[in-house]
There are 2 protein chains.
Amino acid sequence: MNEDINILILSCGTRNKIVQYFKKELAGKGQVMATDCSELAPALYDADKYFIVPRMDEEGYLDFILSICKENNIKAVFSLIDPELSLLAKHRQNFLDIGTIPIISDFEVVELCFDKYEMYKFLIQNGFKTVRSYIDKEKFYKDVEAGIINYPVFVKPVKGSASININKVNSKQEVEVLFNQFDNLMIQEFMDGIEYGADVYIDMISGEPVAIFTKEKIKMRAGETDKSVSIKDDKLFELIKKFVKKAGFKGIIDIDIFKVDDEYYISEVNPRFGGGYPHGYECGVNIPKMIIENINGNVNKDVIGDYEEGICMMKFNEVKAIKTVK
Amino acid sequence: MNEDINILILSCGTRNKIVQYFKKELAGKGQVMATDCSELAPALYDADKYFIVPRMDEEGYLDFILSICKENNIKAVFSLIDPELSLLAKHRQNFLDIGTIPIISDFEVVELCFDKYEMYKFLIQNGFKTVRSYIDKEKFYKDVEAGIINYPVFVKPVKGSASININKVNSKQEVEVLFNQFDNLMIQEFMDGIEYGADVYIDMISGEPVAIFTKEKIKMRAGETDKSVSIKDDKLFELIKKFVKKAGFKGIIDIDIFKVDDEYYISEVNPRFGGGYPHGYECGVNIPKMIIENINGNVNKDVIGDYEEGICMMKFNEVKAIKTVK
């Protein structure tokens with residue numbers, strides 16, 4: 001009984017595929033449980049057991065989650081939404097104390113991902129190409145005059161999730177309007193190139209990247225990849241390996257990368273399952289299985305690049321209907 | 001062999017559920033075939049047979065579709081995208097001549113749906129409440145001064161599909177900027193109320209509305225309903241019946257409606273399967289079956305309101321992977 005590998009997925013939302021994949025990989029050797037603060041999160045209903053929980057910012061939230069873990073013999077926990085990742089990382093020891101492994105990078109590494117300007121500095125200092133970024137608009141104007149950067153540029157919050165509040169801007173006047181209206185903005189170069197996504201698993205025991213799945217994004221919709229095609233490039237794999245080792249990521253991460261004039265530029269990292277991970281799974285890059293191996297105390301072997309190129313993934317809508325209590 | 005009920009779905013795109021529902025309802029009594037101009041339309045791969053076709057605006061497109069119908073003994077055809085609806089309606093006779101029924105309203109009625117200002121005039125003239133609309137900005141400014149309408153308002157193209165190019169506007173200055181930049185705009189009142197969607201089937205033989213499914217939209221995403229809950233209100237059913245009879249719709253339509261201060265306002269009509277139709281199907285409002293009955297020459301009986309209230313539909317992403325030819 002104690003040997004059941006029960007897994008808890010926090011803030012599951014509409015990520016039904018992730019719940020389904022874990023159920024498939026566990027194949028009865030444990031249960032997949034899920035939480036959300038809304039009963040209208042369809043992924044709840046694909047789990048073996050689900051819990052409607054308070055909102056993350058409510059007092060007592062952490063204790064609520066910890067008690068779910070304890071009572072349900074949860075072996076590993078992870079979250080699918082950004083604001084919860086820092087919470088999990090910060091309280092790693094509380095989970096470990098009750099026998100639950102949080103699948104998440106260290107707190108400082110998670111925080112680095114959510115401060116786009118800190119990440120920019122980290123990348124530059126460590127010799128990685130990245131998207132030119134400014135928090136000082138005067139410095140930006142000087143660089144425009146010097147021809148180092150040109151309009152259009154993106155103006156966005158230094159700490160922001162998904163594509164919320166991103167403005168494509170064509171003039172100094174527009175930059176001024178936005179900086180007068182909002183605090184903590186940054187200016188980012190517009191990358192006129194190809195966009196890639198990488199799903200990477202860094203073994204939780206060995207600390208080594210063991211799986212990398214890269215895909216070219218061919219159609220976006222509402223800030224999410226709608227269609228993508230699998231690609232392989234050893235140069236990109238080497239860059240990703242070097243970067244994740246340097247930053248010290250652990251578990252599952254999702255990286256956004258641009259290619260301009262045959263050079264790769266690291267853009268952003270989400271230290272969680274990316275919205276496009278189903279593409280990797282459908283191509284055989286089985287990260288749920290690797291997580292289960294780690295929970296069982298086994299180190300995963302390196303399967304980087306172990307998938308087929310030219311496989312296109314297309315999203316479409318599935319529906320789940322429930323009776324609401326009114 | 002001639003008795004097979006083969007159905008052709010044009011421009012199927014990501015509407016996998018529609019293809020799946022028809023396959024289920026035909027249950028082997030015919031084939032569901034689908035077209036798209038892109039091989040990256042996931043719904044193609046749920047069909048029994050699929051065709052990659054030229055773009056709709058290319059010469060010879062209609063003949064291409066007609067020859068597919070002829071060669072595959074297609075009994076009925078319909079499209080899932082707006083620009084193609086007028087084409088189908090306009091060339092109804094060409095399809096009928098080869099034994100294929102286009103599931104679409106008459107040409108004039110389809111055109112009325114795509115001219116938002118004509119639809120506004122039609123509704124007002126026939127005594128239906130609708131969203132206050134202007135193509136004359138000076139008349140709008142006068143009404144603002146007279147307190148008949150207030151900011152914010154929407155500025156959008158008179159002929160526009162989905163939510164493309166819709167601006168929420170707060171001042172005369174912004175209205176002027178948009179009207180200087182673009183032609184054929186209209187100004188529409190911002191409705192601060194509840195939004196409903198109605199899926200309606202008007203029997204192709206009797207001309208009577210026989211199915212109405214109404215739902216409250218509770219969450220939107222990228223202009224599409226992400227979550228909705230089924231509702232029933234006889235007052236709304238009566239309004240819809242009166243409206244569809246007056247306008248002379250046929251087959252499947254999708255209506256957007258607002259409720260403000262307990263009054264219903266008809267906003268827009270899409271004379272095709274709406275993106276939220278799966279909600280109705282999952283609640284038992286089986287329009288594919290009604291279409292099949294009509295193809296077989298049978299009149300459908302009235303099942304208006306024959307479903308459960310309080311059923312919530314939630315969308316999530318499913319994926320389809322294919323090997324691309326590179």
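Reading the values: rules and limits
Residues numbered from 1 in each chain as written. Chains lettered and ligands numbered in written order. Predicted model: local features only at pLDDT ≥ 70, side-chain atom pairs only at ≥ 80, totals over all residues. Heavy atoms only, no water. Least-squares fit on C-alpha atoms with pLDDT ≥ 70 in both. Contact = heavy atoms within 4.5 Å. Domains from an automatic or database assignment. Helix = DSSP H or I, 4+ residues; strand = E, 2+ residues; numbered from the N terminus. Buried < 20%, exposed > 50% of the residue type's maximum accessible area, 1.4 Å probe, protein only. Lys, Arg positive; Asp, Glu negative; His and termini not counted. Salt bridge = Lys/Arg side-chain N within 4 Å of Asp/Glu carboxyl O. Phe/Tyr/Trp six-rings, centres within 6.5 Å; stacked < 30°, edge-to-face > 60°. Pairing = 2+ DSSP bridges. Buried area = accessible area lost by both parts, 1.4 Å probe.

1. What to know about the relation of the copies chain A and chain B
Part 1: You can overlay chain A on chain B at an RMSD of 0.0 Å; the transform is a turn of 180° with a shift of 0.0 Å along its axis. The symmetry that links the two subunits is that of a two-fold axis. Closest approach to the rotation axis among the C-alpha atoms of chain A is made by A:N317, whose C-alpha sits 2.5 Å away.
Part 2: Here 100% of the interface residues in chain A have copies in chain B that are interface residues too; the copies meet face to matching face.

2. Let's talk about the domain arrangement of chain A
Part 1: Taken domain by domain, chain A consists of domain 1 (6-103), domain 2 (132-189) and domain 3 (192-314).
Part 2: Put simply, the middle of domain 2 of chain A and the middle of domain 3 of chain A, counted by C-alpha atoms, are 28 Å apart.

3. Focus on the side chain of B:K227
Part 1: Along the chain, B:K227 falls in strand β12 (residues 224-231).
Part 2: An unpaired buried charge is present at B:K227: no salt bridge exists, and B:D226, the closest side chain of opposite charge, is 4.2 Å distant.

4. Considerations on the pattern of salt bridges
Part 1: In total, this model carries 37 salt bridges over all chains according to the counting rule given.
Part 2: B:K217 is the salt-bridge partner of B:E195, the closest N and O atoms lying 3.6 Å from each other. Of the two residues, B:E195 is situated in strand β10 (residues 194-202) and B:K217 in strand β11 (residues 209-221); the sequence distance between them amounts to 22 residues.
Part 3: In this structure B:K217 comes out as buried when scored by relative accessible area, which is 15%.
Part 4: Among the charged side chains, a network of salt bridges with common partners joins A:R92, A:D106 and A:K250.

5. Observations concerning the packing of aromatic side chains
Part 1: In this structure the tally under the stated criterion is 34 aromatic pairs over all chains.
Part 2: Seen from their ring centres, A:F140 and A:Y141 are 5.8 Å apart, and the 50° between their planes marks the pair as tilted.
Part 3: A relative accessible area of 0% places A:F140 in the buried class.
Part 4: On the basis of relative accessible area, A:Y141 is assigned to the buried category, the value being 6%.
Part 5: Ring centres 6.0 Å apart and planes at 90° place the aromatic pair B:F22 and B:F273 in the edge-to-face group.

6. Digging into the sheet that holds strand β2 (residues 32-36) of chain B
All names here are of chain B.
Part 1: Strand order across the open sheet formed by five strands is β3-β2-β1-β4-β5, with parallel pairing between neighbours. Among the strands making up the open sheet, the edge pair consists of β3 (49-52) and β5 (101-102).
Part 2: Note that strand β1 (residues 6-10) and strand β4 (residues 74-79) share five bridges and pair parallel. Bridging across to β4, L10 finds its partner in S79.

7. Quick word on the interface of chain A and chain B
Part 1: In this complex, chain A contributes 36 residues to the contact, which on the side of chain B involves 36 residues.
Part 2: For the pair chain A and chain B, the two sides together bury roughly 3,400 Å², of which 60% comes from carbon and sulfur.
Part 3: It is A:M314, A:F316 and A:E318 that lose the most area in chain A upon contact with chain B, and together they represent 23% of the buried surface on that side.
Part 4: Between chain A and chain B we count four salt bridges in total.

8. Some thoughts on the sheet that holds strand β4 (residues 74-79) of chain A
Residues and elements named next belong to chain A.
Part 1: The parallel open sheet is built from five strands, whose spatial order is β3-β2-β1-β4-β5. Strand pairing shows two members of the sheet lacking a second neighbour, β3 (49-52) and β5 (101-102), which therefore form its edges.
Part 2: Note that strand β1 (residues 6-10) and strand β2 (residues 32-36) share three bridges and pair parallel. In the strand pairing of β2, I7 is matched with V32.

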